[in-house]
Amino acid sequence: MQEQHRPNKVAIVGAGNVGATFAYTLLMSGLASEIVLIDRDQARAEGEAMDLNHAAPLLHAARIWAGSYEDCHQAAVTVITAGSAQRPGETRLDLVQRNTQIFKQIVPEVIKHNPAGILLVATNPVDVLSYAAYKISGLPASRVIGSGTILDTARFRYLISQRFGVDPRSVHAYIIGEHGDSEVPVWSLANIAGMRIPDFCAINGYHCDENVLNAIFTSTRDAAYQIIDRKGATYYAIAGGLLRIVEAILRDQATVLSVSSLIDDYYGIHDIYLSLPTVIDVGGVERVVRLGLSPQEIAGLQESASILTATIAQLDLE
Ligand SMILES: NC(=O)c1ccc[n+]([C@@H]2O[C@H](COP(=O)([O-])OP(=O)(O)OC[C@H]3O[C@@H](n4cnc5c(N)ncnc54)[C@H](O)[C@@H]3O)[C@@H](O)[C@H]2O)c1
């Protein structure tokens, strides 16, 4: 008989800054009935579970505990945030060898106890580690998702919204490609109230030349470095991004989100994980949306893909 999953059970591997903040966000949302925290630092996971449980009477009822990999059984989604965090001045790609070794321990354990669930990876470098999780797990690609540029897209929309004085949710724009230095802003499709940004500016009397737009993108791309320099880590916004992905899965929403998934036959890109607007539903990745990109954006996406392909080639994943 095919393994079932419990629709509202979420497992979190890695109860550090990102994992614990996501658990809190998930508890606040009321989406999950069961949240299990797994970490090699068992005391840390226990402390987080205790603290979260004490918030439950004030927020939402949920069963929260610190568990082991056996507790991934029947989780609809297992979110992996375990690994080393980016250190000041370190690129995400520098982390790759260290965190791949960690994934070779974690992913088989999760799959052993939960072959039917969805894996959602946040650990950096997220595109490479999502690809590693796909290869190590043997799961269909639809059930291995990376948080990808959901965070960068949120930062991009926020910064555009601040420039033009509107709610960030009224800005539609995507960052695609690597979650990292080679990511690409899709200015050609960015819009407010259905108008492309240059048209919105011209008609509504805003000044926005190339320098303004470049500054918005640079601040988006470099945000993680800026935050890590100031507070050592980033976790609130990524927790919001993970919640949005998990909500789309648990509620079968078919939401278009910029997440990392297996890309094949897309502007000449093959067999790699990177972010594009993707339809997410109860089965995970339903499909990757085909975009009509400008020649410059296509070149940027292909360059981002080639950087990721070169990194993946350095890993021993067969
Ligand atoms: N994708 C994104 O947009 C995004 C954003 C922020 C952070 N991150 C990444 O998320 C990851 C976690 O960041 P953080 O700030 O929470 O780090 P953290 O150091 O606070 O937490 C990591 C946790 O992983 C645990 N861990 C390490 N190895 C393990 C193993 N083998 N098995 C089980 N648990 C293990 C540690 O004990 C720790 O509790 C990092 O890779 C970071 O770069 C990604």
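Residues numbered from 1 in each chain as written. Predicted model: local features only at pLDDT ≥ 70, side-chain atom pairs only at ≥ 80, totals over all residues. Heavy atoms only, no water.

Caption draft 1: Structural context of helix H4 (residues 126–137). Between its terminal C-alpha atoms H4 stretches 16 Å, which fits the 16 Å expected from 12 residues at 1.5 Å a residue. Taken residue by residue, H4 has Val126, Asp127, Val128, Leu129, Ser130, Tyr131, Ala132, Ala133, Tyr134 and Ser137 as its buried positions. Buried residues along H4 sit against helix H3 (96–113), strand S5 (118–121), strand S6 (144–146), strand S12 (255–263), strand S13 (272–281) and helix H10 (295–313). Gly138, located one to two residues past H4, shows a positive phi value of around 75 degrees. (Helix = DSSP H or I, 4+ residues; strand = E, 2+ residues; numbered from the N terminus. Expected span 1.5 Å × (residues − 1). Buried < 20%, exposed > 50% of the residue type's maximum accessible area, 1.4 Å probe, protein only. Contact = heavy atoms within 4.5 Å.)

Caption draft 2: Expanded view of the packing of aromatic side chains. One pass over the structure, following the stated rule, counts nine aromatic pairs. Ring geometry for Phe156 and Trp187: centres 4.8 Å apart, planes at 70 degrees, overall edge-to-face. Residue Phe156 is located in helix H5 (residues 150–164), and its partner Trp187 is located in the loop between strand S9 (184–185) and strand S10 (191–192); the two are separated by 31 residues in the primary sequence. Accessibility assignment for this pair places Phe156 and Trp187 in one class, buried. Grouping aromatic residues by their ring pairs yields a cluster made of Tyr131, Tyr134 and Tyr273. We note Arg63 situated over the ring of Trp65; from NZ or CZ to the ring centre the distance is 3.9 Å. Its guanidinium or amino end placed over the ring of Tyr235, Lys231 lies 4.0 Å from that ring's centre, counting from NZ or CZ. (Phe/Tyr/Trp six-rings, centres within 6.5 Å; stacked < 30°, edge-to-face > 60°. Lys NZ or Arg CZ within 6 Å of the ring centre and 35° of its normal.)

Caption draft 3: Spotlight on the state of the cysteines. Throughout the structure, instances matching the rule amount to one disulfide. Here Cys201 is linked by a disulfide to Cys208, with a sulfur-sulfur distance of 2.4 Å. Taking the sign of the S-S torsion, about 120 degrees here, the bridge from Cys201 to Cys208 comes out right-handed. (Disulfide = S-S within 2.5 Å.)

Caption draft 4: Examining the nonpolar core more closely. By size, the foremost hydrophobic cluster in this structure holds 48 residues, and its most contacted members are Leu119, Ile176, Ile272, Leu274, Leu276 and Leu301. Ignoring anything within four residues of it in the chain, the contact list for Ile272 reads Tyr131, Ser261, Leu262, Ile263, Ala305, Leu308, Thr309 and Ile312. Leu31, Val77, Val79 and Ile145 belong to the second largest nonpolar core, which has 40 residues in total. (Core = buried A, V, L, I, M, F, W, Y, C linked by side-chain atoms within 4.5 Å.)

Caption draft 5: Structural context of the side chain of Thr123. Among the structural elements, Thr123 can be located in the loop between S5 and H4. A polar contact of 3.4 Å, which involves the side chain of Thr123, links it to the backbone oxygen of Ile80. Dropping the residues within four chain positions of it, Thr123 is found in contact with Ile80, Thr81, Ala82, Gly83, Asn99, Phe103 and Leu129. (Polar contact = N/O pair within 3.5 Å; in protein donor to acceptor, adjacent residues only side chain to side chain.)

Caption draft 6: Broad picture of the sheet that holds strand S11 (residues 195–196). The three strands are arranged S7-S10-S11 in an open sheet whose pairing can be described as antiparallel. In this open sheet, the two strands that pair with only one neighbour each are strand S7 (171–172) and S11. Here S10 runs beside S11; their pairing, made up of two bridges, is antiparallel. The residue bridging Ile192 from the neighbouring strand is Met195, located in S11. (Pairing = 2+ DSSP bridges.)

Caption draft 7: Up close: the site of the ligand. What surrounds the ligand is a group of 25 residues, the closest being Asn17, Val18, Asp39, Ser84 and Ala122. Between Asn17 and the ligand, the recorded distance is 2.9 Å, taken from a backbone N or O atom to an oxygen atom. Measuring from a nitrogen atom of the ligand, one finds a backbone N or O atom of Ala122 at 2.9 Å. Considering the ligand on its own, with 860 Å² of exposed area, one finds that the protein chains cover 90% of that surface. The set of elements that each furnish at least two residues to the shell around the ligand consists of helix H1 (17–29) and H3. If you tally residues by element for the shell around the ligand, the top one is H3, at four residues. Of the residues assigned to the shell around the ligand, the class counts are nine nonpolar, 13 polar and three charged. (Near = heavy atom within 4 Å. Areas by Shrake-Rupley, 256 points an atom, 1.4 Å probe, with all protein chains shown as cover. Nonpolar A, V, L, I, M, F, W, Y, C, P; charged D, E, K, R; others polar.)

Caption draft 8: Main features of the packing of H5 against helix H7 (residues 210–221). Packing of H5 against H7 leaves a shortest axis separation of 9 Å and a crossing angle of 140 degrees. Looking at the two axes, H5 sits oblique to H7. At the point where H5 passes H7, the crossing takes the right-handed sense. Counting all contacts with H5, which are made through Asp152, Arg155, Phe156, Leu159, Ile160 and Arg163, the residues of H7 involved are Val212, Ile216, Phe217, Ser219 and Thr220. The residue inventory of the contact of H5 with H7, partitioned by class, reads six nonpolar, two polar and three charged. (Axes fitted to C-alpha atoms, helices over the stretch in contact; angles between N-to-C directions. Parallel < 35°, antiparallel > 145°, perpendicular 65-115°, else oblique. Left-handed = near helix turned anticlockwise from the far one by under 90°.)

Caption draft 9: A nonpolar patch on the surface, seen in detail. On the surface, a cluster of nonpolar side chains totalling about 410 Å² of accessible area is made up of Tyr24, Met28, Leu58 and Leu59. For Leu58, the location among the structural elements is in the loop between helix H2 (42–55) and strand S3 (63–66). (Patch = residues over 30% accessible without salt bridge, like charges linked within 9 Å, V, L, I, M, F, W, Y side chains within 5 Å. Salt bridge = Lys/Arg side-chain N within 4 Å of Asp/Glu carboxyl O.)

Caption draft 10: Local environment of the packing of H1 against H2. As a packed pair, H1 and H2 sit with axes 11 Å apart at the nearest point and diverge in direction by 20 degrees. Taken together, H1 and H2 sit at an angle that is classed as roughly parallel. For the pair H1 and H2, the sense of crossing is right-handed. Taking contact as the criterion, the partners of Asn17, Ala20, Ala23, Tyr24 and Leu27 in H1 are, on H2, Arg44, Glu48, Leu52 and Ala55. Class assignment of the residues belonging to the contact of H1 with H2 gives a composition of six nonpolar, one polar and two charged.

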